[in-house]
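Chain by chain, the residues run as shown.
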Amino acid sequence: MKKLLAVAALCVLVLTLLISAGCGKKTETTTPITPTSSVIKIKDFAFDPAEITVAPGTSVTWINEDSTVHTITTTTFDSGEIKPNEQYKFTFGTPGTYDYVCSIHPSMKGKVIVTGESSSGTVPTIPEPPTPPGY
Ligand SMILES: [Cu+2]
C-alpha cells in the first residue's frame with residue numbers, strides 16, 4: 001500500500017513538473033505580416049492614412065472618395081488627375097521616403113515610407129489554407 005502511495009506521489013510530482021515546464025516554455029512567435037498592397041483613401045481633401053510604411057514591392061492604391069479631382073504628385077511620379085470614384089496605383093520598388101502632395105490642392109500632403117527590410121527581392125507568400133477533406 002505504501003508503494004502505491006509513493007508511485008502516486010511521484011506521478012503527481014512528474015505531472016506538476018511537466019505542466020510548469022510547458023507553461024514556462026511558452027513563447028510568443030508572432031510572424032510579422034508584410035502587406036503586398038495598401039490602400040489610401042482620398043476624402044475631405046485629405047489622405048487617409050496620411051503616412052504609411054510599406055515594404056519594397058508593395059502596390060499602393062489611392063482611391064478618390066472625394067467629390068473633386070485630386071492628384072498624387074511626387075518628385076518621382078505623378079498620377080495625373082484622379083477623378084471622383086477613380087483610383088491610382090503605384091508600386092514602390094525602391095526603399096525611401098516619398099512625400100507627395102495633391103498638385104491641385106497643395107495643402108493636401110501625404111507620405112509613403114518604403115523600408116529596406118525585404119530588399120532581398122522575395123515576396124513572402126501566404127500559405128493557402130489546407131483543403132478540407134471531402135465528407
Ligand atoms: Cu486635391
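Everything quoted here is computed from the prediction, not taken from an experiment. (Residues numbered from 1 in each chain as written. Predicted model: local features only at pLDDT ≥ 70, side-chain atom pairs only at ≥ 80, totals over all residues.)

Novice: Explanation requested: the pairing of strand β1 (residues 37-43) in the structure shown.
Specialist: Working note: regular strand, side chains alternate between the two faces of the sheet. Across six bridges, the pairing between β1 and strand β4 (residues 58-64) is parallel. In the sheet register, Ser 38 faces β4, and the bridge partner there is Val 60. In sequence, β1 turns back onto strand β2 (residues 46-48) through a hairpin of two residues, with Asp 44 there showing a positive phi of about 50°. (Pairing = 2+ DSSP bridges. Helix = DSSP H or I, 4+ residues; strand = E, 2+ residues; numbered from the N terminus.)

Novice: Can you walk me through unusual backbone geometry in this structure?
Specialist: Glycine aside, the phi torsion of most residues is negative, and most peptide linkages are trans. Here the amide bond leading from Asp 48 into Pro 49 is cis, since omega sits at 0°, within 30 degrees of zero. Within the secondary structure layout, Pro 49 lies in the loop between β2 and β3 (51-54). Even without being glycine, Asn 85 reaches a positive phi, approximately 70°. In this fold, Asn 85 is placed in the loop between β4 and β5 (87-92). Judged by the 10 C-beta atoms lying within 10 Å of it, Asn 85 falls in the exposed class. (Buried ≥ 20, exposed ≤ 12 C-beta atoms within 10 Å, placed from the backbone.)

Novice: How do you make sense of the sheet that holds β2 when you look at a structure like this?
Specialist: Two modes of strand pairing occur in sheets, parallel and antiparallel, and in both the strands are linked by backbone hydrogen bonds. An order of β2-β1-β4-β5 is seen for the four strands of this open sheet, with the pairing classed as mixed. This sheet does not close on itself; its edge strands, each paired only once, are β2 and β5. Each neighbouring strand pair of the sheet contributes to a mean axis angle of 25°, computed without reference to strand direction. Where β1 and β2 come together, three bridges link them in antiparallel fashion. Of the residues in β2, the one forming a bridge with Ile 42 is Phe 47. (Axes fitted to C-alpha atoms, helices over the stretch in contact; angles between N-to-C directions.)

These figures come from the coordinates and say nothing about function on their own.
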